[in-house]
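Observations on the model geometry
Listed here are the chains, written in short residue letters.
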Amino acid sequence: MTKKCKVCSAPVIGRTDKKFCSIYCKSAYHNRVQSISNNFVRRTDAILKRNRRTLKKFLTLGIDRVSRQDLIANGFCFKHFTSKEKQMEKKVFFCYEFGYASCDAENYLLSHHSANRKDQLRKIEEKPLIYLENMKKRQGNA
Ligand SMILES: [Zn+2]
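Summary of the structure given here. Computed from a predicted structure; not experimentally measured.

By size, the foremost hydrophobic cluster in this structure holds 12 residues: Leu55, Phe58, Leu59, Val66, Leu71, Phe76, Phe94, Cys95, Phe98, Tyr100, Tyr108 and Leu110. Among the elements of the structure, helix 1 (23-60), strand 5 (90-95), strand 6 (98-102) and strand 7 (107-112) are those that each provide at least two residues to this core. If you tally residues by element for this core, the top one is helix 1, at three residues.

Dropping the structure here:
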């Protein structure tokens, strides 16, 4: 019985372990496998980055306690995180440098990956102030 090419179904002639009719079909197959795996990585990266943006958004606004519903409404996906740590008997999940930990049945406490959390939060909160200062300066010059 002749084997069929995995790509184009043409008969495969030659060695018994050959899977493709030609070098073209072989490279087409491997390109397809590669692109499926690239797509998976791309999709996962997009979810993790969106999670990070959501956590950063709340923390930038000075909000560090949010409901599960608020996170979901902002596109948050609880299945994806970059690391997990135990801090004071609580499991803290991270999306890059931003973390979240369940504080009761419905709410999460958000944090920045830092030994000095207050200091980090202050830095995050300073950014919009710097932005507003610059806006004022620009309007003053106009
Ligand atoms: Zn083929």
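The subject of this paragraph is the sheet that holds strand 6. Strand order across the open sheet formed by five strands is 3-7-6-5-4, with antiparallel pairing between neighbours. A strand with exactly one partner marks an edge of an open sheet, and here the two such strands are strand 3 (65-67) and strand 4 (83-87). Between one strand and the next, the sheet's axes are offset by a mean angle of 35 degrees, whatever the strand orientation. Relative to strand 6, strand 5 runs antiparallel, the two sharing three bridges. Paired with Phe94 across the two strands is Gly99, which belongs to strand 6. Packing against the sheet, helix 1 makes contact with strand 3, strand 5, strand 6 and strand 7, and its axis sits at approximately 80 degrees to strand 6.

Rules of the game
- Think of each chain on its own: its residues are numbered from 1, step by step along the sequence as written.
- Predicted model: local features are reported for residues with pLDDT of at least 70 only, side-chain atom pairs are reported and counted for 80 or more only, and whole-chain, interface and lining totals are derived from all residues.
- Buried Ala, Val, Leu, Ile, Met, Phe, Trp, Tyr and Cys residues whose C-beta atoms connect them within 7 Å together make up a nonpolar core.
- Residues with at least 20 neighbouring C-beta atoms inside 10 Å of their own are called buried, those with 12 or fewer are called exposed, and the rest are partly exposed, where every C-beta is derived from the backbone.
- Think of it this way: any DSSP run of H or I at least four residues long counts as a helix, any run of E at least two long counts as a strand, and we number them from the N terminus.
- Between any two strands, at least two bridges found by DSSP are needed for them to pair.
- Convention adopted: a line fitted to C-alpha atoms gives each axis, helices being fitted over their contacting stretch, and angles between N-to-C directions are expressed from 0 to 180 degrees.
- Contact criterion: two residues are in contact if their C-beta atoms, reconstructed from the backbone, are within 7 Å.

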